Amino acid sequence: MGDIYRQYLMAFEFTEEEAEENLPFWKHVCELLNVSKEDVHDSLEKWIPQYWDISLKGVRKCIGAFIRELIQFSRLAEYKANGARIVYCNLPVHPAAVYANKVAGGDRIHISQPDFLLFSVIRVLFGKTELMQGKDFSCLNKNGQHCGRTG
């Protein structure tokens, strides 16, 4: 099986260099989110192929963007310790407002949407809902899809 963490990154359009650079951070993300090596394997071999058409490069790049965002999220404390400002956003947020902050702040600003990452990305990449237990995600249906509101 080799290093499943590296295989995961490579499957979703990380270059060799990007995979090498991000591998320790990706493993750390998995630890933080209680995603095991087996979960990573099952996600790559079963879950994602079942729900995503990964024959399409754009789909693989989209999943890669989710992974990159998770990695950035896991490094926010490091960025803050180095003097960067963190902007946390909740859904729904207008993309233009977020982008304006990023453009204005450049590398001194990092933007994160923790609610999106925790209730959407973890579900769609790994099929895990443990992090959602006890939370009010009334906008999600039973499968974790947005928007599950009926009224």
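Residues numbered from 1 in each chain as written. Predicted model: local features only at pLDDT ≥ 70, side-chain atom pairs only at ≥ 80, totals over all residues. Heavy atoms only, no water.

**Q** Can you walk me through the nonpolar core in this structure?
**A** In globular proteins that are soluble, nonpolar side chains generally tend to be buried together. Ranked by size, the top nonpolar core spans 28 residues in total, and within it Tyr8, Trp26, Val40, Ile67, Leu70 and Leu125 carry the most contacts. Sorting the residues of this core by element identifies helix H1 (4–11), helix H2 (16–32), helix H3 (37–51), helix H4 (57–74) and helix H7 (114–126) as the ones contributing at least two each. Of all the elements, H4 adds the most residues to this core, at six residues. For Leu70, the contacting residues outside a window of four places in its chain are Trp26, Val29, Leu33, Leu117, Val121, Ile122 and Leu125. (Core = buried A, V, L, I, M, F, W, Y, C linked by side-chain atoms within 4.5 Å. Buried < 20%, exposed > 50% of the residue type's maximum accessible area, 1.4 Å probe, protein only. Helix = DSSP H or I, 4+ residues; strand = E, 2+ residues; numbered from the N terminus. Contact = heavy atoms within 4.5 Å.)

**Q** Even after reading the chapter, I still don't get the pattern of salt bridges, so can you show me in this structure?
**A** Opposite charge on two side chains lets them pair, provided their charged atoms get close. All chains considered together, the criterion is met by six salt bridges. With a closest N to O distance of 3.7 Å, Lys27 and Asp3 form a salt bridge. Of the two residues, Lys27 is situated in helix H2 and Asp3 in the segment before H1; the sequence distance between them amounts to 24 residues. Taking relative accessible area as the criterion, Lys27 reaches 31% and is therefore assigned partly exposed. When its relative accessible area of 27% is taken as the criterion, Asp3 is described as partly exposed. (Salt bridge = Lys/Arg side-chain N within 4 Å of Asp/Glu carboxyl O.)

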